[in-house]
Structure formats: structure tokens, C-alpha cells
Amino acid sequence: MIYGNILEATGQTPLIRLNHMTGPQDAQILVKFEAMNAGGSIKTRTALAMIETAEKQGRIRPGENTIVEPTSGNQGIGLALIGAVKGYRTIIIMPDSVSEERRKLVKHYGAEVKLIHDAGNIGKCIDECMQTALAMAAADPKVYVPQQFANEANTWAHREQTGREILEQAGIPIHGFCSGIGTGGTITGVGQALRAANPDMEVWAAEPEHAAILSGGAVGTHIQMGIGDGVIPDILDQKIYNRIEIVTDEEAIETARELASREGLMCGISSGTNVAVARRMARELGKGKTVVTILADTAERYFSTELFDE
């Protein structure tokens, strides 16, 4: 097959069994390895869905509109990739606490980066990023802000694509799913797709220790980038999960390192968060059951972070 462009290669990432990170009495864990997606993360799926939905609605056209989005990283990289292929000027507004690699990747795709200072409260910083984007849209009708935290195309991509892929690839009953929450699109969309196949399955949400807003905790700054943005997203279905698990930065990093050294899976810090919770779920559900989670992106965009500070 010859693809017309890189966007046509989005999706159909592998579902992989973990062989060395569960005990003999644990459920098996299957991970959706999104590092092998176009653009290196799961967010290419949602970025593409949001832009193509807006195009179909006649709201934007290549060469005429500018895409502006506040993001803690991977969604911005995905939008920058799409802007490069489709011909949109793209401006990404990011907290200055995100990794240097994320900023450079956005720029490498030809997009512009605006940094907002994170003074120790990621929620306030993300809100300032959003207000900056909305002010740009108010000043220029050609500016389009996808608003990933409120855009239903985000959830659609995970329900109709990521979730369905998991069901087709697994080919067996799935008893548990867990995911961190950034925009809420992954846990909502995938959770809805998997619950439709097994209404009794467990769905657990993962939150960083220093941004456990759903658990009633204080919001500070953490290094589990892409989740725990200190806001409760509009598109998050808070009825889809039946438990919330809190993960420290240290556990997220150590689990991500284990994924590389024991399973050969190079992934980012939030993937460590997801697998840390998946292991708890696997122990609770027990042998003979199946747990699924997401490895959201590739480790190569974290060289400047504590993940590689050994």
C-alpha cells in the first residue's frame, strides 16, 4: 500500500502483552503502543479528528485559517503535524514546564510556540494558555481553536477508532481498562467502546499525586506530562470510571523505565502512570482476566526530563 500522506497512516497501532511486569496470579496486561502512531503519540488521532470535523463543517480551510491550541504537549505536536501536511499556519500555546523536546518537535513541524510561565499550579497555567488562545480568536476570525478539552471529536476518535481497534485486536473479553486523564477523551471514548462490549468491566482513572483534582487533592506541578492538567474537562464522562488511583511522579518514572528495560517498550512518563495502575488492577482482578491500558507516546521526547536522569 502507498499512502497519500503521513496522516493516512494514523492508527492501527499494535496491542502488546506485557511478559515480565506481572505476577503468576495476576491478570494479563495488554498495552496499546501509541509510540508507533504517526506523529509518535495517541494525540495524532484526536488532532486529526478535530481538524477534519471542522473542515467537514465548513469552519476552516487550508491556507485560510490559523490553528491555535493550548496544550501540555502531544496534542500540539499532532496539530503541528497536521498543519504541516494540510497547509495550516499553526500556533501552539504551552506551559514552560513541558519538556524541551516537545517544544522543539512543534517547531520542527513548522508551527509556532508561545510559552506561558507555570508558577507552580498547572491548572492556572493551562487556563492562562486557553485564555490566550481565545483572545487570539476573538481578535482574528481566521483563528480556529479546536478546544480539545471540550471538542466531542476528541471523544469520537477514541470511541470509534482506538476503542474499536483494541476490541478487534484483542479478540477476547476485556475485564479492565485504565487511563490517565488529560482532556478526558481517552478514558471516555475507549471506556465507552469497551463497556459496550462488556458492561461489567472495571474502568479506573489515574491521577498524578500533585494534580489529583478528581480526588479532591491540591493542584501543583508534576512531571506526568499530558495528564493531570488541573482542570475537569467538559468531555470527561465522570460516570465511565468506577475508581480513581493516584500515582506519584517517582512511581510513574520507575514504571516507564521498567517498560523499557524489561519489555523493550520506549514510552513516556504518563505511560508509566497508566501501567502502574494497570498492575494494581491486574493484581485485584487476578489470573485469567485481561487488563488493557495505553502507552501514549514515545520516550524520545523526554530526554531532558527526570525519566533519563539516572
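With an unreviewed UniProt entry as reference, the protein is termed cysteine synthase, source organism Mordavella massiliensis. Per UniProt, the protein carries the Pathway (unreviewed entry) text "Amino-acid biosynthesis; L-cysteine biosynthesis."

(A) Broad picture of the sheet that holds strand β1 (residues 15–17). Spatially, six strands are ordered β1-β2-β10-β7-β8-β9 in an open sheet, and the strand pairing comes out mixed. Looking at strand neighbours, the two that pair on one side only are β1 and β9 (243–247), the edges of this open sheet. Geometrically, the sheet is characterised by an average inter-axis angle of 25° between neighbouring strands, direction not taken into account. The sheet strands contacting helix α5 (residues 152–170) are β1, β2 (28–33) and β10 (290–295), and the helix crosses β2 at an angle near 130°.

(B) Just the sheet that holds strand β6 (residues 143–144), in detail. Pairing within the open sheet is parallel, and its four strands lie in the order β5-β4-β3-β6. Here the strands that pair on one side only, and so sit at the sheet edges, are β5 (112–116) and β6. Here strand β4 (residues 89–95) runs beside β5; their pairing, made up of five bridges, is parallel. Considered in β5, the bridge of I93 is made with K114. Its contacts with the sheet put helix α2 (residues 74–86) on β3 (66–70) and β4, and the angle it makes with β4 is roughly 170°.

(C) Highlighting the packing of aromatic side chains. Evaluation of the coordinates by the stated rule reveals one aromatic pair. Relative to F308, the ring of F303 has its centre 4.8 Å away and its plane inclined at 65°; by these criteria the two rings are edge-to-face.

(D) Up close: the packing of helix α1 (residues 43–56) against α5. The contact between α1 and α5 brings their axes to 8 Å, and the two run at 130°. The orientation of α1 relative to α5 falls into the category oblique. When you trace α1 past α5, the crossing you get is right-handed. The residues of α5 that touch α1, namely those facing R45, T46, A49, M50 and T53, are A153, N154, W156, A157, H158, Q161, T162 and E165.

(E) Just the nonpolar core, in detail. One finds I51, L259 and L295 to be the most contacted residues of the largest nonpolar core, which totals 50 residues. Breaking this core down by element, the ones donating at least two residues are β2, α1, α2, β4, β8 (202–208), α7 (249–263), α8 (269–285) and β10. Of the residues forming this core, the biggest block, seven residues, is contributed by α8. Aside from chain neighbours lying at most four places away, what touches L259 is L18, M21, G264, L265, C267, S271, V275 and L295. One finds I181, V190, I240 and Y241 within the second-largest nonpolar core, a separate group that totals 20 residues.

About the criteria used
Residues numbered from 1 in each chain as written. Predicted model: local features only at pLDDT ≥ 70, side-chain atom pairs only at ≥ 80, totals over all residues. Heavy atoms only, no water. UniProt positions renumbered as here; feature names shortened; annotations may be inferred. Pairing = 2+ DSSP bridges. Helix = DSSP H or I, 4+ residues; strand = E, 2+ residues; numbered from the N terminus. Axes fitted to C-alpha atoms, helices over the stretch in contact; angles between N-to-C directions. Contact = heavy atoms within 4.5 Å. Phe/Tyr/Trp six-rings, centres within 6.5 Å; stacked < 30°, edge-to-face > 60°. Parallel < 35°, antiparallel > 145°, perpendicular 65-115°, else oblique. Left-handed = near helix turned anticlockwise from the far one by under 90°. Core = buried A, V, L, I, M, F, W, Y, C linked by side-chain atoms within 4.5 Å. Buried < 20%, exposed > 50% of the residue type's maximum accessible area, 1.4 Å probe, protein only.

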